[in-house]
Amino acid sequence: MNHREYKSIVVVGGGQAGLSVSYYLTQENIDHVILERRKKFHSWRVNRWDTFCLVTPNWQCRLPDFPYAGNDPDGFMVKDEIANYLDAFAQTFNPPIVEDCEVTRITKRPEGGYLVDTSMGNYSTDQVVIATGGYDNPIVPPYAADLDPSIMQMHSVDYRRPSQMPEGATLVVGTGQSGVQLMEDLHLAGRDVHLAVGPAPRSPRMYRGRDATDWMYDLGHYDITIDKHPNPEHAVSKTNHYMTGRDGGHEIDLRKFARDGVSLYGSVSGMDDKSIQFLPDLEKNLDDADESYLGICTAIDGYIERNNIDAPVEPEFEKVWRPEQEITHIDCEALGITSILWAIGFRPNYGWIDVDVFDDLGRPVYRRGVCEEDGFYFIGLGWLNTWGSGRFLGINEDSRYLVDVISARQKSKMCEAS
C-alpha cells in the first residue's frame, strides 16, 4: 500500500474560507493540513479583471480576529488590496498550507475517516473540510458552439481589460454582478457594447445618506439564517443584487446605460452562425430589477420611520428609459459584433469526492456545513448559514462554528480510545 501521511484534519482549499478554518484549528492545537491546488489566493490575484473591486464595503471584511483596519472602512478594496489583506491574515498564524497540490480523490476509510489522494502524495485523515467554493467550471451554454468561429468568445474568468477584445462591438451576456461591471468597464473605455439582460435583481448603493448595505446590516438582514428564511430555496438560487464599488461605489441602472448608448436585449435563447436570438423578456427583467431595488428602499424607509432617524429624503424614483420594442433577433455582422463575453456564472466541480454527501442533483447536503457523513464538512458557500456565509462578512462565525464541531468530535474520539 502507498504511504499515507496522517493528519487529523484535511482542509481542501486555501482561500479565505479554508484559512479561517485553519486559524481556529491552530488555536485549538489540532493538527491539520490545507491543500491548495494553486497558490493561495489565486482567484483574487489572477482570476479577476484589472479594475475589480469589492461590491460590499471594506468594513464587512471580518476574518477571524482580523477585521479590516485600514483608513477607508466605507470604501471598496481593489483586488491587490484584497490579496494583501488575506496575506496579512495568513501571516498572523502561519497556516500549514501545501500549494500546487490538487486533490484527485476523497473516499471513506473502512475503519472510519477518509483517504485523500493528491498530485503530491496521499493522506489519511479523521475529518475533511471542503473549502473550494463554487467557481470551478465557467458556464457557457451548448448553443455557443453554433456561433460562427470568427466571433471571439470569452468567459468572464478570462477577462482582464477592454484591450483583450477585438475591434468592433462586444455582446456581454449576463447581468449579475460580474456582467454589469464588465459592461461598464467596456463602456467607460469607449467600446461599443451590447448587453443581454437576465433576471438578476439590483440594489441602490447610497440611499438616504448611507450605503444601502449599512442600512441592511442595521435591519438585521445579514443575520437571517437559512433555516429561518421565509423562502430558503429562492434565497440559495437567487442571483446577487448588482451594483458596484468602482470609483467609490455607485448603483448601476441599466436604463441609464441604454440611454447613454448601450444596446439592451432580453435573455439569450440561441445562436446560429452570426445570428443571436433573445427571449422577449427585456422589459420584464428591467421592471423586476427595479421592483427589487424599490423593495430595498421601502425596507430602509420603514426602518428609518420606526426608529425616528433623521435622514435625507430621496427624489422620486424614475424609469429613465424603456425599450420601444422587444428585439428577439440580431445579426452580428450587421451590428459589428465581433466578440461575446459570457458572464452567466460557474458550476462547482465535486467529481473528485467519492463520498455520499450529495443530493440527486449533485449539490452538497449539510446543515450549517456539517454533513450526515461523520467528519465531513463544507464551508465558504453562499447561504451555508446566512447571506454572508460565502463572503467575508460571515466567514468568521461559520469557521468558528465548524471548528467547534470538529473539536468536539476529536475529543469524543480520544475519550473512546482511552
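Higher on the page you've got the structure.
Throughout what follows, the structure given in this document is the object of discussion. As the structure is a computational prediction, the values presented were derived from the model and not from experiment.

## Section: the nonpolar core
- Formed by 81 residues in total, the largest nonpolar core has its most connected members in Ile106, Ile130, Leu254, Phe376 and Phe378.
- In terms of residue count, helix 1 (residues 16–27) provides more of this core than any other element does, six residues in total.
- In contact with Ile130, other than residues within four places in its own chain, are Val12, Ile106, Tyr350, Trp352, Ile353, Phe376, Tyr377, Phe378 and Ile379.
- By size, the runner-up hydrophobic cluster in this structure holds 18 residues, among which are Cys297, Tyr303, Ala311 and Trp387.

## Remarks on the sheet that holds strand 10 (residues 152–155)
- Sheet architecture is open: five strands sit in the order 10-19-11-12-15, paired in parallel fashion. Two strands lie at the open edges of the sheet, namely strand 10 and strand 15 (263–265), each paired on one side alone. The mean angle between the axes of side-by-side strands here comes to 20°, regardless of whether they run parallel or antiparallel.
- Pairing of strand 12 (residues 193–196) with strand 15, which is carried by three bridges, proceeds in the parallel orientation. The residue of strand 15 that forms the bridge with His194 is Ser263.

## Considerations on the environment of Leu186
- Mapping Leu186 onto the fold places it in helix 4 (residues 177–188).
- What makes Leu186 buried here is its relative accessible area of 0%.
- For the pair formed by Leu186 and Gly394, sequence separation is 208 residues and the distance between their alpha carbons is 32 Å.
- Sequence-distant contacts of Leu186, that is, excluding residues within four places in its chain, are made with Tyr159, Pro162, Met165, Thr170, Val172, Arg191, Val193 and Leu341.

## Section: the pairing of strand 1 (residues 4–12)
- Across eight bridges, strand 1 lies against strand 8 (residues 121–130) in parallel orientation. Among the inter-strand pairings, Arg4 is bridged to a residue of strand 8, identified as Asn122.
- Across four bridges, the pairing between strand 1 and strand 2 (residues 32–35) is parallel. Across the sheet, the residue bridging to Val10 is Val33, located in strand 2.
- Where the polypeptide runs from strand 1 across helix 1 and back to strand 2, its parallel neighbour, the crossover connection is right-handed.

## Considering the pattern of salt bridges
- For the structure on display, the rule yields 32 salt bridges.
- Measuring nitrogen to oxygen at the nearest pair gives 3.0 Å for the salt bridge that ties Arg409 to Asp374. With Arg409 in helix 10 (residues 395–417) and Asp374 in the loop between strand 21 (353–354) and strand 22 (376–378), the pair connects residues that are 35 residues apart, well separated along the chain.
- A cluster of three or more residues bridged by salt bridges with shared partners is formed by Arg202, Glu251, Asp253, Arg255, Glu283, Asp287, Asp290, Lys319 and Arg322.

## A closer look at the sheet that holds strand 18 (residues 329–331)
- The sheet built from three strands is open, its strands ordered 16-17-18 with antiparallel pairing. Since the sheet does not close on itself, it has two edges, and those belong to strand 16 (268–272) and strand 18, each with one partner. When the angles between neighbouring strand axes are averaged without regard to direction, this sheet yields 20°.
- Bridging between strand 16 and strand 17 (residues 275–278) involves four bridges; their strand directions are antiparallel. If you follow Met271 over to strand 17, its bridge partner there is Ile276.

## Side note on a negative patch on the surface
- On the surface, a cluster of negative charge is made up of Asp72, Asp74, Asp80 and Glu81.
- Structurally, Asp80 can be placed in helix 3 (residues 79–91).

## Concerning the packing of aromatic side chains
- All told, the structure shown has 24 aromatic pairs when counted by the stated rule.
- Note on Tyr217 and Tyr222: the rings are 6.5 Å apart at their centroids and 45° apart in plane angle, and the pair reads as tilted.
- On the basis of relative accessible area, Tyr222 is assigned to the buried category, the value being 7%.
- Taking the centre distance of 4.5 Å and the plane angle of 25° together, the rings of Tyr222 and Trp387 count as stacked. Of the two residues, Tyr222 is situated in the loop between helix 5 (212–218) and helix 6 (232–237) and Trp387 in the loop between strand 22 and helix 10; the sequence distance between them amounts to 165 residues. Take Tyr222 and Trp387: they sit in the same class, and that class is buried.

## Considerations on the environment of Asp117
- For Asp117, the position within the fold is in strand 7 (residues 114–118).
- Once residues lying within four places of it in the same chain are set aside, the contact partners of Asp117 are Arg4, Glu102, Val103, Thr104, Arg105 and Asn122.
- In this structure the side chain of Asp117 is engaged in a polar contact, spanning 2.7 Å, whose partner is the side chain of Arg4.

## Looking at the pairing of strand 2
- Here strand 2 shows no split at all, with His32 and Ile34 on one side and Val33 and Leu35 on the other all buried.
- Inspection of the sheet shows strand 2 paired to strand 5 (residues 97–98) by two bridges, in the parallel sense. The residue of strand 5 that forms the bridge with Ile34 is Ile97.

## Some thoughts on helix 3
- Over its 13 residues, helix 3 extends 19 Å from the first C-alpha to the last, a length consistent with the 18 Å expected when each residue adds 1.5 Å.
- For helix 3, the complete set of buried residues consists of Lys79, Ile82, Ala83, Tyr85, Leu86, Asp87, Phe89 and Ala90.
- Contact partners of the buried residues in helix 3: helix 1, helix 2 (42–45), strand 3 (62–63) and strand 4 (66–67).

## Notes on unusual backbone geometry
- At Asn29, a position not held by glycine, the phi torsion is positive, near 60°.
- Position of Asn29 among the secondary structure elements: in the loop between helix 1 and strand 2.
- The phi angle at Asp100 is positive, at roughly 55°, despite the residue not being glycine.
- On the accessibility criterion, Asp100 (38% relative accessible area) is partly exposed.

Rules and cut-offs
Residues numbered from 1 in each chain as written. Predicted model: local features only at pLDDT ≥ 70, side-chain atom pairs only at ≥ 80, totals over all residues. Heavy atoms only, no water. Core = buried A, V, L, I, M, F, W, Y, C linked by side-chain atoms within 4.5 Å. Buried < 20%, exposed > 50% of the residue type's maximum accessible area, 1.4 Å probe, protein only. Helix = DSSP H or I, 4+ residues; strand = E, 2+ residues; numbered from the N terminus. Contact = heavy atoms within 4.5 Å. Pairing = 2+ DSSP bridges. Axes fitted to C-alpha atoms, helices over the stretch in contact; angles between N-to-C directions. Right-handed = clockwise from strand over helix to strand, strands pointing away. Salt bridge = Lys/Arg side-chain N within 4 Å of Asp/Glu carboxyl O. Patch = residues over 30% accessible without salt bridge, like charges linked within 9 Å, V, L, I, M, F, W, Y side chains within 5 Å. Areas by Shrake-Rupley, 256 points an atom, 1.4 Å probe, with all protein chains shown as cover. Lys, Arg positive; Asp, Glu negative; His and termini not counted. Charge placed at Lys NZ, Arg CZ, Asp CG, Glu CD. Phe/Tyr/Trp six-rings, centres within 6.5 Å; stacked < 30°, edge-to-face > 60°. Polar contact = N/O pair within 3.5 Å; in protein donor to acceptor, adjacent residues only side chain to side chain. Expected span 1.5 Å × (residues − 1).

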